[in-house]
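Results of the structural survey
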Amino acid sequence: MIFLRLALKAVTAVLLLAFLVFAATAGRVWWFARQDDRRVSDAIVVLGAAQFDGRPSSVFTARLVHARDLWRDDVAPRIITVGGNRAGDRFTEASAAKVWLTQHGVPADQVVAVGTGSDTLTSVDAVEARMQVRGWSTAVVVTDPWHALRTRAMATDQGIDAVMSPTRQGPAVRQRSTQIRYIVRETLAYLYYKVFGKSSDRGSNAV
């Protein structure tokens, strides 16, 4: 009987600890989503999202609009687009993004397309490799608000001196129910990364 009581207390303590860790992490996801650091940097990095035969999805377009606006405000002299493709796609996320940006006022020689990366971690790793070759070290990273904490952690761990400037428009921020769902998802994804050192959003267009 005493053993059962001790076991119950131990399980309760573990569950309480897990809840506290989850709640604290969710709070950090929420806080990072509301930060907007536009310091002058070597590059603006736009993480990829779904594209349809070269046409960025609404989520992706919101990120690209924000990146273009940062470029217009002289936050950085260039934009790096990143993201691979799925089997059968004619375009990578990076190339679709470059086409969109050049069609909306950004000179082609100021857009660097990194056409690899099937999740957040591999995308960030590909960007870091390209930046290292070019001698760039600082970046303002554009993604959805709820994705900011995990992206910043991965970028920092890969050696990029990164700050976050999330987009404030698009499907990911329109409805409160959507925001809650993204916060829960990103909280779990961040904890997964911190424990296993891997990205949980495997698969193309996952970032």
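The structure under discussion appears in the preceding block.
As a convention, each chain's residues are numbered from 1 in the sequence order in which they are written. Side-chain atom pairs in this predicted model are given and counted only at pLDDT of 80 or more, local residue features only at pLDDT of at least 70, and totals for whole chains, interfaces and linings cover all residues. Hydrogens are left out, water is left out, and the side-chain values use all remaining heavy atoms of the structure.

1. What to know about the sheet that holds strand S6 (residues 138-142)
Going by this rule: In this description, strands pair whenever DSSP reports at least two bridges between them. Each helix corresponds to a stretch of at least 4 residues labelled H or I by DSSP, and each strand to a stretch of at least 2 residues labelled E; elements are numbered beginning at the N terminus. Axes here mean lines fitted to C-alpha atoms, for a helix over just the part in contact, with angles spanning 0 to 180 degrees between N-to-C directions. Any two residues whose heavy atoms approach within 4.5 Å at even a single point are treated as in contact.
Strand order across the open sheet formed by five strands is S5-S4-S1-S6-S7, with parallel pairing between neighbours. The sheet is open, and its two borders are formed by strand S5 (111-114) and strand S7 (161-164), each paired with just one other strand. This sheet shows a mean twist of 25° between the axes of neighbouring strands, independent of strand direction. Contacts between helix H2 (residues 58-72) and the sheet are confined to strand S1 (43-47), strand S4 (79-82) and S6, with S1 contributing the most and set at about 175° to the helix.

2. A few points about helix H4 (residues 120-134)
For the record, the criterion: Between the first and last residue of a helix there are one fewer steps than residues, each counted as 1.5 Å, and that sum is the expected span. Only protein chains enter the accessibility calculation, which uses a 1.4 Å probe. A residue is then buried if its area is under 20% of the maximum for its type, exposed if over 50%, and partly exposed in between. Here a polar contact is recorded for every N or O atom pair within 3.5 Å, except that within protein the pair must consist of a potential hydrogen donor and a potential acceptor, and residues adjacent in sequence are included only if both atoms are side-chain atoms.
With 15 residues, H4 extends 21 Å between its outermost C-alpha atoms, agreeing within 8% with the 21 Å of an ideal straight helix rising 1.5 Å per residue. For H4, every residue scored as buried is listed here: Thr120, Leu121, Ser123, Val124, Ala126, Val127, Glu128 and Met131. Where H4 is buried, its residues contact S1, S4, S5, S6, helix H5 (148-157) and helix H6 (176-196). Regarding H4, its N-cap is Asp119, as a side-chain oxygen of that residue lies 3.0 Å from the backbone nitrogen of Leu121 further along. Phi turns positive, to about 80°, at Gly135, one or two residues after H4.

3. Focus on the packing of H4 against H5
When two helices pack together, you describe them by how their axes are tilted relative to each other and by the distance separating the axes. The line we're drawing: Small angles under 35 degrees read as roughly parallel and large ones over 145 as roughly antiparallel, with 65 to 115 read as roughly perpendicular and the rest as oblique. By convention the crossing between two helices is left-handed if the near helix lies anticlockwise of the far one by an angle smaller than a right angle, and right-handed if it lies clockwise. The residue classification treats Ala, Val, Leu, Ile, Met, Phe, Trp, Tyr, Cys and Pro as nonpolar and Asp, Glu, Lys and Arg as charged. All others, Gly included, are polar.
Where H4 meets H5, the closest approach of the two axes is 9 Å, and the angle between their N-to-C directions is 45°. Our classification of the angle between H4 and H5 gives oblique. Regarding H4 and H5, the two cross each other, and that crossing is right-handed. Residues Thr120, Leu121 and Val124 of H4 pack against Arg150, Thr151, Met154 and Ala155 of H5. Its residues placed into classes, the contact of H4 with H5 shows four nonpolar, two polar and one charged.

4. A word on the nonpolar core
Soluble globular proteins: nonpolar side chains tend toward being buried together. Just so we agree on the cut-off: By convention a nonpolar core is built from buried Ala, Val, Leu, Ile, Met, Phe, Trp, Tyr and Cys residues, the set being connected through side-chain atoms within 4.5 Å.
Ranked by size, the top nonpolar core spans 32 residues in total, and within it Val45, Ile80, Val114, Val127, Met131, Val141 and Ile160 carry the most contacts. Ignoring anything within four residues of it in the chain, the contact list for Val127 reads Val45, Ile80, Val82 and Ile160. By size, the runner-up hydrophobic cluster in this structure holds 21 residues, among which are Ala49, Val59, Trp100 and Val142.

5. Brief notes about the pairing of S5
Which entries qualify depends on this criterion: We call a crossover right-handed when, viewed with the strands running away from us, the connection from the first strand over the helix to the second turns clockwise.
Judged from the four bridges that link them, S4 and S5 form a sheet pairing that is parallel. Bridge assignment links Ile79 to a residue of S5, and that residue is Val111. Between S4 and its parallel partner S5, the chain crosses via helix H3 (residues 93-103), and the hand of that crossover is right-handed.

6. Remarks on a nonpolar patch on the surface
Our working definition: Each patch is built from residues that are more than 30% exposed by relative accessible area and take part in no salt bridge. Like charges join if they lie within 9 Å; nonpolar side chains (Val, Leu, Ile, Met, Phe, Trp, Tyr) join within 5 Å. Residue burial considers only the protein chains on display, and all accessible areas are found by Shrake-Rupley using a 1.4 Å probe. What makes a salt bridge here is a side-chain nitrogen of Lys or Arg within 4 Å of a carboxyl oxygen of Asp or Glu, nothing more.
On the surface, a cluster of nonpolar side chains totalling about 420 Å² of accessible area is made up of Met1, Phe3 and Leu4. You can see Phe3 is positioned in helix H1 (residues 2-33). On the basis of relative accessible area, Phe3 is assigned to the exposed category, the value being 64%.

7. Here's the deal with the packing of aromatic side chains
The cut-off we apply is this: For this analysis, a ring pair means two rings from Phe, Tyr or Trp (six-membered ring only for Trp) whose centres lie within 6.5 Å, classed as stacked if their planes differ by under 30 degrees, edge-to-face if by over 60, and tilted for the remaining angles.
Under the counting rule described, the total for this entry stands at two aromatic pairs. Each ring, one from Trp31 and one from Phe32, has its centre 5.4 Å from the other, and the planes form 75°; the classification is edge-to-face. Look at Trp31 and you get partly exposed, because its relative accessible area is 45%. The buried category is assigned to Phe32, whose relative accessible area is 15%. For the pair Tyr192 and Phe196, a centre-to-centre distance of 4.8 Å together with 45° between the ring planes defines the contact as tilted. Residue Tyr192 and its partner Phe196 are both found in helix H6; the two are separated by four residues, about one turn of the helix. Owing to a relative accessible area of 34%, Tyr192 belongs among the partly exposed residues under this scheme.

8. Considerations on the pairing of S7
For S6 and S7, the ladder comprises four bridges, and the chain directions are parallel. Looking at S7, one finds that Thr138 is bridged to Asp161.

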